[in-house]
Protein chains: 2
Amino acid sequence: VRARSIAVLCGGFGAARFLTGWREVEGLSCVVNTADDIEHAGLYVSPDVDSVVYSLAGRFDEERGWGLENDTFVCAEALDRFDLGWFRIGDMDLATCLWRTTLLREGVPLSEVCRRQAGAFALTASVLPMSDEPVRTLFETDGGVLAFQDFVVRRRGEPRITSVRLAGIETARPAPGVVELLERAETILIAPSNPITSIGPILAVPGIRELLERRRERVVAVSPIVVGREPVTQPEVGRARVRQAVLAGRGLAHTPVAAALLWRDVAAGLVLDLSDRSFEKQIRALGLRTLVADILAKTPGDRARLADAVLAFARARD
Amino acid sequence: VRARSIAVLCGGFGAARFLTGWREVEGLSCVVNTADDIEHAGLYVSPDVDSVVYSLAGRFDEERGWGLENDTFVCAEALDRFDLGWFRIGDMDLATCLWRTTLLREGVPLSEVCRRQAGAFALTASVLPMSDEPVRTLFETDGGVLAFQDFVVRRRGEPRITSVRLAGIETARPAPGVVELLERAETILIAPSNPITSIGPILAVPGIRELLERRRERVVAVSPIVVGREPVTQPEVGRARVRQAVLAGRGLAHTPVAAALLWRDVAAGLVLDLSDRSFEKQIRALGLRTLVADILAKTPGDRARLADAVLAFARARD
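This part covers the overall build of chain A. Of the regular secondary structure elements, chain A holds 13 helices and 12 strands. Relative to the compact-globule value of 20 Å for 318 residues, chain A shows a C-alpha radius of gyration of 18 Å, a close match. Counting the 318 residues in chain A, one finds 60% classified as buried. Contacts in chain A between residues at least 24 apart in sequence constitute 67% of all its contacts with a sequence separation of at least 6. When the accessible area of chain A is evaluated, it comes to approximately 12,700 Å², of which 50% is carbon and sulfur surface. Taken as two groups, the 40 positive and 42 negative side-chain charges of chain A have centres that lie 4 Å from each other.

Residue and element names in this part refer to chain A. Taken together, three strands build an open sheet; the order of strands is β7-β6-β8 and the sheet is antiparallel. A single partner strand is all that each edge strand has here, and the edge strands are β7 (144-147) and β8 (161-167). Along the sheet, successive strands turn relative to each other by an average axial angle of 25°, direction set aside. Relative to β7, strand β6 (residues 136-141) runs antiparallel, the two being bridged by four bridges. Opposite leucine 138, over in β7, you have alanine 147 as the bridge partner. Contacts from helix α10 (residues 234-249) reach β6 and β8 within the one sheet, and its direction differs from that of β8 by about 95°.

The next subject is the interface of chain A and chain B. Interface extent is often summarised as the accessible area lost during association of the parts. Each partner contributes residues to the interface: chain A has 24 residues there, and chain B has 24 residues. Roughly 2,100 Å² is buried in total at the junction of chain A and chain B, and carbon and sulfur atoms are behind 74% of that figure. Its largest share of buried area at the contact with chain B, chain A owes to A:Arg81, A:Phe82 and A:Leu98, together 29% of the area lost on that side. Taken together, chain A and chain B are joined by zero salt bridges. Our enumeration of links across chain A and chain B arrives at four residue pairs in polar contact (both at pLDDT 80 or more). Of all the secondary-structure elements, those providing two or more residues to the side of chain A that touches chain B are α3 (74-79) and α4 (91-105) of chain A. Classifying every residue of the side of chain A that touches chain B gives 15 nonpolar, four polar and five charged.

Parameters at a glance
Residues numbered from 1 in each chain as written. Chains lettered and ligands numbered in written order. Predicted model: local features only at pLDDT ≥ 70, side-chain atom pairs only at ≥ 80, totals over all residues. Heavy atoms only, no water. Helix = DSSP H or I, 4+ residues; strand = E, 2+ residues; numbered from the N terminus. Rg over C-alpha atoms; globule rule 2.2 N^0.38 Å. Buried < 20%, exposed > 50% of the residue type's maximum accessible area, 1.4 Å probe, protein only. Contact = heavy atoms within 4.5 Å. Areas by Shrake-Rupley, 256 points an atom, 1.4 Å probe, with all protein chains shown as cover. Lys, Arg positive; Asp, Glu negative; His and termini not counted. Charge placed at Lys NZ, Arg CZ, Asp CG, Glu CD. Pairing = 2+ DSSP bridges. Axes fitted to C-alpha atoms, helices over the stretch in contact; angles between N-to-C directions. Buried area = accessible area lost by both parts, 1.4 Å probe. Salt bridge = Lys/Arg side-chain N within 4 Å of Asp/Glu carboxyl O. Polar contact = N/O pair within 3.5 Å; in protein donor to acceptor, adjacent residues only side chain to side chain. Nonpolar A, V, L, I, M, F, W, Y, C, P; charged D, E, K, R; others polar.

Purely geometric stuff here, so don't read any function into it on its own.
Below you can see the structure in the form of structure tokens.
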């Protein structure tokens, strides 16, 4: 862990989009949610890890919301013949999954697979799973208990959620390196990912929440919730619907204030979108510093500027 | 097993090419070599079974010599990043392998997987693996002991073979249905596949050779060796080289007479190519009936005629 190292807690799409602005930043380490991982067609799929790695490699397909740019879906279509086509994995993305599955079957821990994966994609940043032990998000809904991808992909987020469970969380331990990273990082960021299903599992790994509470002054979060601008792209719309549903299940309204309420004990600051300036006062009243910025920045230049602003905001505690 | 059922012992390329002429024939059941099966990138690959299924489905890529027509290799190329690219599987072909691997991991026997695979490809013919137990061809060479695909694909068939072993053969049993099929079939054909590495393992499964010796009058073979015409296509050239190498390892010259010598106890007749008519007398002297035909028939019409001729030849014992 370097002197000025930056740790980022990450989910999938939101984190991957945000991280496009951080590719040039040195000393970056990502701790990634693995509670959405799924075994499909015999493959161990780790959607958030892959989104983060592909983003840092400059190859994330932001338009689709997951996987690799310019990927094809020849295998996924051929899987239809065997009724395995509902969860689509791109052909290039499959190579990552095949390789990962082989290593895991050989007994290589997920954290070591992630380390090698970052190497295979020539990343300068580190990528750590939140835990080497399996943790799985389960939704209790009016349509029964559904696994994350089942709910989001197969059922399109439609059943009404009554609660969210994390199977395996009690016995999960932080992956090797995670505690050391978070103890020593100069700055800790919470990426704009779903607070319940993406960041929630990371915070729930025994020890992590307490650690961040202790280092709260070092932590700032970027709001995953933007309500002043309508979601536009298909992945934005889909994720907003799931976010709204899981927040409602916790009795929370879908505004940046929800992020403040959920993270006030672990973060000292919250970055909110230009379009959500009206919530700033309420968030400050909850004891959080605020930065208003263009969270949904589109161009590479704007994203790099967002990164600079967030970093300056985080360091402003000094 | 139907009254006029036809059983065919099959390897990969040679059998797949031959079977293109048999798609309209009723009562066909294929018993397929599985000693070339390989686990690669965590996938259970069964090249000969797939070649036979794809051929009977009218989708075999004869030009490449394996796999599906019009397949793409996006995943295989992406596997290069992880040093898993040496054994190439097409993207559509991958779907078959993923599905098969999942079922085998769930404990479904290979024979049941093959049955379902034939159904998924809407075949009228049955496809049976020679055995549900793993049997693996191993080459002892001047470059060490090599598995089949290692020798053929990775080492391009170049090391000098000193002997061929079948690991696991002693404890292998014929797959469910194989003995019943071969006991009751009206006609048994040996497809033009490598006599040592493709047909050899099938005959070596305990009980099969004795069964065929007993039913020898019902069995005719199609010579996999044609020397009167030079191999032309890349798969023909590659397979001729491997065949020549393994026959040399048994002290046999690469002519149709080798097939007669290897199969005289299990087959009553041998079909040899028009271009190899000069060997007919020698083969008859070994106690085999002969049929001279256009084994390398190219057009669908010629192949269907070859099938008719072979079937008439087999039934001519009556």
